[in-house]
Amino acid sequence: MHLLRIFLVLALVVVSQSADEEAPVLHPRNWTHVLPPDAAPTENVVLLESGRLNRTLTRWRGRLNGTEMSRRLRKLARRLNVPPLVDKALRLMNLQQVVQEVETSVMSKVSCTACKAGVGFLQHYIRTGKTKEDIVHITKHFCISLKMSTPRVCDGLTELFGGEVTYVLQRLALGPEEICGFVIGDACGDVYNPYHEWKVSFPPVPKPPIVPPLVPPKAGTPTFKVLHLSDTHFDPYYQEGANAECSEPLCCRLTNGPPANAAAAAGRWGDYRKCDTPKRTVDSMLEHIKTTHPDIDYILWTGDLPPHDVWNQTRDENLSIIKQTVEQLSTTFPNVPIFPALGNHESVPVNSFPPPFVKKDLSIDWLYDEMDEQWRRWLPASTSPTVRKGAFYSVLVRPGFRVISLNMNNCNNKNWWLLLNSTDPGHELQWLIYELQAAEINKEKVHLIGHIPPGHSDCLKVWSRNYYNIINRYESTITAQFFGHTHFDEFELFYDSTDASRVTSIAYIGPSVTPYYDLNPGYRIYYVDADHAHTTRMVLDHENWVMSLKDANLYDYPIWYKLYSAKAAYKMNSLAPQEWDTLLDKFASEQEVFDIYYKHYWKNSPVRPSCDAECRKRLVCDVRCGRSHDRRVLCQEIESRIDSQNGATWGSWIYKGLSVSN
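Reading the values: the criteria
- Residues numbered from 1 in each chain as written.
- Predicted model: local features only at pLDDT ≥ 70, side-chain atom pairs only at ≥ 80, totals over all residues.
- Heavy atoms only, no water.
- pLDDT = per-residue confidence, 0-100.
- Contact = heavy atoms within 4.5 Å.
- Pairing = 2+ DSSP bridges.
- Helix = DSSP H or I, 4+ residues; strand = E, 2+ residues; numbered from the N terminus.
- Axes fitted to C-alpha atoms, helices over the stretch in contact; angles between N-to-C directions.
- Phe/Tyr/Trp six-rings, centres within 6.5 Å; stacked < 30°, edge-to-face > 60°.
- Buried < 20%, exposed > 50% of the residue type's maximum accessible area, 1.4 Å probe, protein only.
- Patch = residues over 30% accessible without salt bridge, like charges linked within 9 Å, V, L, I, M, F, W, Y side chains within 5 Å.
- Areas by Shrake-Rupley, 256 points an atom, 1.4 Å probe, with all protein chains shown as cover.
- Salt bridge = Lys/Arg side-chain N within 4 Å of Asp/Glu carboxyl O.
- Parallel < 35°, antiparallel > 145°, perpendicular 65-115°, else oblique.
- Nonpolar A, V, L, I, M, F, W, Y, C, P; charged D, E, K, R; others polar.

**Points about the confidence of the model for the chain**
Then comes step 1: With 83% of its residues at a pLDDT of 70 or more, the chain shows a mean pLDDT of 87.
Then comes step 2: In this model residues 42-64 is a low-confidence stretch, pLDDT under 50, and it forms 55 contacts with partners more than four residues away in sequence or in other chains.
Then comes step 3: Predicted confidence for residues 652-662 stays below pLDDT 50, and this span has 31 contacts to residues more than four positions away or in other chains.

**As for the sheet that holds strand 9 (residues 503-509)**
Then comes step 1: Across the sheet, six strands lie side by side as 4-5-6-7-9-8; this open sheet has mixed pairing. In this open sheet, the two edge strands, each paired with only one partner strand, are strand 4 (393-398) and strand 8 (490-495). For this sheet, the mean angle separating the axes of adjacent strands, direction not counted, is 25°.
Then comes step 2: Here five bridges tie strand 4 to strand 5 (residues 401-405), and the two strands are oriented antiparallel to one another. Within strand 5, the residue paired with Y393 across the bridge is S405.

**Some words on the packing of aromatic side chains**
Then comes step 1: One pass over the full model with this rule turns up 37 aromatic pairs.
Then comes step 2: Relative to Y601, the ring of Y598 has its centre 6.4 Å away and its plane inclined at 10°; by these criteria the two rings are stacked. In this pair, Y598 and Y601 both sit in helix 19 (residues 591-601), three residues apart, roughly one turn of the helix. For the pair Y598 and Y601, one class covers both residues: buried.

**Overview of the sheet that holds strand 1 (residues 223-229)**
Then comes step 1: The mixed open sheet is built from six strands, whose spatial order is 3-2-1-10-11-12. Each edge of the open sheet is held by one strand with a lone partner, namely strand 3 (338-340) and strand 12 (560-565). On average, each strand axis in the sheet is tilted by 25° relative to the strand beside it, whichever way the strands run.
Then comes step 2: The pairing of strand 1 with strand 2 (residues 298-301) spans four bridges and is classified as parallel. Opposite L227, over in strand 2, you have I299 as the bridge partner.

**Structural notes on the side chain of R253**
Then comes step 1: Residue position: R253 is located in the loop between strand 1 and helix 10 (279-292).
Then comes step 2: Classification of R253 as buried rests on a relative accessible area of 6%.
Then comes step 3: If we ignore the near neighbours within four places in the chain, the residues touching R253 are D235, Y237, Q239, A242, N243, P307, D309 and N312.

**A look at a nonpolar patch on the surface**
Then comes step 1: A surface patch of nonpolar side chains, about 520 Å² in accessible area, is lined by L554, Y555, Y557 and I559.
Then comes step 2: When you line up the elements, L554 lands in helix 16 (residues 549-555).
Then comes step 3: Given the relative accessible area of 55%, L554 is considered exposed.

**Some words on the packing of helix 6 (residues 109-127) against helix 8 (residues 151-170)**
Then comes step 1: Relative orientation of the contacting elements helix 6 and helix 8 amounts to 70°, with a least axis distance of 10 Å. Relative to helix 8, the element helix 6 lies roughly perpendicular. Residues L122, Q123 and I126 of helix 6 lie in contact with helix 8, whose contacting residues are V165, T166, L169 and Q170.
Then comes step 2: Of the residues belonging to the contact of helix 6 with helix 8, the class tally is four nonpolar, three polar and no charged.

Printed below as a string of structure tokens:
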């Protein structure tokens with residue numbers, strides 16, 4: 001204990017000295033902005049019957065029906081002599097449902113069965129001595145024969161992912177149960193996996209006493225005006241008039257062929273179907289922001305720059321899009337600090353982020369080194385070591401105020417490299433604890449930014465659990481979190497580990513610029529408590545701005561408008577976590593309030609689907625879950641309240657049995 005105390009004293013001295021030497025990125029100025037009014041005009045909320053489900057069904061017209069696809073799959077499996085486990089799984093599989101669930105990240109036991117069949121299939125061929133080339137060829141044959149996508153998509157995906165997946169599976173001692181439990185989560189059951197159970201270490205420093213909710217500052221106190229951009233997914237090959245109803249993951253390109261009719265043609269400013277953002281729409285948005293918000297103090301930029309042509313990407317192509325986007329932001333917002341975070345689409349192949357122990361040709365250095373070069377336009381040189389190591393960093397924005405950017409691909413369960421070793425990749429979470437402890441000692445407040453929200457089903461359960469514990473320990477230091485990835489306008493809440501009724505933090509999930517898919521393009525403006533004697537560094541209000549894609553294409557003129565401001569729309573006293581928790585209760589008990597949220601969630605899209613009781617429960621639970629794959633624990637009570645309003649049904653009972661993780 002004596003040596004430990006000496007170590008802590010030395011650490012405190014070092015931390016204090018380093019904090020004194022660090023220069024803030026944001027320079028002093030008059031940070032007083034006019035916040036949105038507290039009263040919102042009354043609006044009628046209309047739920048439309050079309051939307052994502054209808055789009056999914058339309059895409060499958062003309063393809064094989066589920067029975068025929070399963071029959072062909074089993075016939076092909078017998079010809080290839082697959083093991084009994086795989087053959088049994090194939091008999092139970094509905095590939096149409098699997099494709100839909102993979103696209104939406106809403107998994108059920110059907111996807112779990114498909115995962116086990118696929119992993120068993122690959123492991124069988126690895127054990128029988130098949131080469132990587134053999135496995136790529138066989139997998140491609142499956143994909144094309146079953147018409148899972150077009151031949152060129154099947155070819156591109158198997159070539160891009162085949163080598164990586166084979167490399168990982170060759171080095172694993174895990175079976176399909178453990179692998180799919182890791183990748184999919186609780187939809188595959190609570191599979192114990194000792195290779196992927198780990199905990200971060202906290203310093204022996206007591207958690208500060210919990211203080212009452214902070215009182216919002218008086219009107220007229222200094223504020224920061226902050227722009228949040230996320231998921232631009234700029235498509236340099238978007239083509240007005242191209243086929244928008246293709247059978248590939250991304251449409252609206254010349255390579256998709258001519259449209260079948262005028263209604264199937266891609267719009268000039270974008271499209272509600274599976275199409276990404278044309279350059280003219282990105283240009284329009286940035287010009288609008290520059291004109292409408294000339295007083296932005298800094299920008300949060302939470303990743304996902306390349307388009308969704310994941311079968312057709314190269315490193316050079318993705319790096320080119322990254323460089324173009326960085327250059328455009330730098331030119332549009334000169335002298336405005338930008339704090340970026342890495343998305344899951346920046347790598348090639350998508351979601352592939354090898355940990356630091358993977359070297360040579362398979363290393364991710366090609367991306368992280370370039371990120372460091374590009375981000376150095378806005379970040380100090382002190383961030384370079386951690387950016388090159390793992391694409392995360394910490395920067396002092398103002399004295400007493402810090403932004404920490406995390407690489408959330410270290411929790412991405414579609415990142416197959418983590419199967420080799422998921423234990424705190426790059427020591428990112430342990431580093432985060434060090435940064436937060438230093439901030440606590442120096443009485444700094446911290447905003448965390450990243451791409452994949454920690455409570456989302458795409459985030460590994462073990463990583464998310466450790467992150468949740470970090471938020472709980474440093475709740476007095478962390479005053480807000482900011483993420484993207486989902487493309488929707490939403491948020492997640494975090495609760496005390498010992499008192500599940502007490503909310504500790506909020507994660508804001510910003511809307512996407514891309515309309516992919518069924519969405520309007522959008523961005524967000526935050527007003528943050530700035531420099532004054534009693535600053536909280538909390539978000540005081542936020543506005544969401546959107547462009548009506550339907551009107552822009554109809555009149556060939558994009559109009560960006562403020563959809564709502566949070567305090568006024570939801571009649572909140574402040575944006576403290578406690579107020580958001582109260583709002584969540586209203587989502588469960590008041591249909592009218594939930595309808596307003598649902599409209600904003602879809603960014604006022606005219607093609608948003610209607611939302612029944614099961615949809616409402618899923619979205620309310622999404623808000624309740626700052627910790628992934630733990631919905632049974634976190635959502636049981638609030639889902640029961642919604643059930644009690646609507647009456648229990650056979651459909652809800654079956655839903656609970658099949659869809660348990662997301």
